[in-house]
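Notes for the structure review
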Amino acid sequence: MPRYAELQAVSNFSFLHGASHPHELVVAAAALGLEAIGIADRNSLAGVVRAWRAMQDLGPTGFSTRVLTGCRLEFADGSPSLICYPSDREAYARLTRLLTLGQRRADKGECELRWTDFLDHSEGQLVLVAPPPRLDEAFAQALTRIAGELRGHVWAAASRGYGARDLQRISRLQAMAQAAGLPMVATNDVLYHGPERRPLQDVLTCIRETCTIHE
């Protein structure tokens, strides 16, 4: 298969979002022959530790898929979500300090981040902008602003939700990204490691959205 790295995957450490353990995602990525997999849980690095442990357990001779250290940053001020990958040890330290800042500001188990917090810790971070469900003018303006503030270190993440309007959505996102001067990166927005986990994923989504399966 063509070389491909999955940069937008969450584990069950993203509460009520991911339905697979980090090690399950890593093993599945290796079985598929992916170049790399990035575990980017929401405002947390917890899943990365388990993912790295899975890579070590498989051993260097039986494992060619790289595990990347990432985090999905969700902001309390309405800024678009970012999938953030530190490029070196110093950037990783800045990312952990950012998360600690957000956790100290919020109730236990929560993390309250603002865009200005990220800018203060953005040096050395490689960033994908995760589009919201609605691609409106406000998002287009935010994309242009982010492109200017993080120039050369930011991309727009494009993934298919397998809905009726996927191609129109991706085309609109591409137009917005081009207007902002951002390249696009293909992702799959991975929530679980195999089709057998889909029923659990659906239940988690219903709990999160306070609705029933039929709704």
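Worth saying up front: this structure is predicted, and the values here are computed from it rather than measured.

**Concerning the layout of surface pockets**
Roughly 1600 Å³ of volume is contained in the largest pocket. In this structure, the largest pocket is lined by 46 residues; those nearest its centre are Arg160, Asn188, Asp189, Val190 and Leu191. Put simply, the parts of the chain that give the lining of the largest pocket at least two residues each are β1 (5-9), α1 (22-31), β7 (154-158), α6 (166-180) and α7 (198-209). Of the residues forming the lining of the largest pocket, the biggest block, five residues, is contributed by α7. Class assignment for the residues of the lining of the largest pocket results in 23 nonpolar, 12 polar and 11 charged. In this structure, the second largest pocket encloses a volume near 460 Å³. In terms of lining, the second largest pocket is formed by 15 residues, of which the most central are Phe15, Arg42, Asn43, Gly109 and Glu110. Residues that form the lining of the second largest pocket fall into these classes: five nonpolar, six polar and four charged.

**Here's the deal with the sheet that holds strand β6 (residues 125-130)**
Here five strands make up an open sheet; going across it, the order is β4-β5-β6-β7-β8 and the pairing mixed. One side of each edge strand has no neighbouring strand; the edge strands of this open sheet are β4 (71-73) and β8 (184-186). For this sheet, the mean angle separating the axes of adjacent strands, direction not counted, is 35 degrees. Relative to β7, β6 runs parallel, the two sharing three bridges. In the strand pairing of β7, Val127 is matched with Val154. Strands β7 and β8 of the sheet are contacted by α6, whose axis makes an angle of about 145 degrees with β8.

**Here's the deal with the pattern of salt bridges**
Here the structure, examined in full by the defined rule, presents 10 salt bridges. As a salt-bridge pair, Arg208 and Glu209 come within 3.4 Å of each other at their nearest N and O atoms. Glu209 gets classed as partly exposed once you look at its relative accessible area, which sits at 45%.

The rules behind these values
- Residues numbered from 1 in each chain as written.
- Predicted model: local features only at pLDDT ≥ 70, side-chain atom pairs only at ≥ 80, totals over all residues.
- Heavy atoms only, no water.
- 1 Å grid on protein atoms, 1.4 Å probe; cavity = no way out; pocket = protein on both sides within 12 Å on 5 of 7 lines; lining within 4 Å.
- Points joined across faces, edges and corners; volume = space filled by probe spheres on them.
- Helix = DSSP H or I, 4+ residues; strand = E, 2+ residues; numbered from the N terminus.
- Nonpolar A, V, L, I, M, F, W, Y, C, P; charged D, E, K, R; others polar.
- Pairing = 2+ DSSP bridges.
- Axes fitted to C-alpha atoms, helices over the stretch in contact; angles between N-to-C directions.
- Contact = heavy atoms within 4.5 Å.
- Salt bridge = Lys/Arg side-chain N within 4 Å of Asp/Glu carboxyl O.
- Buried < 20%, exposed > 50% of the residue type's maximum accessible area, 1.4 Å probe, protein only.

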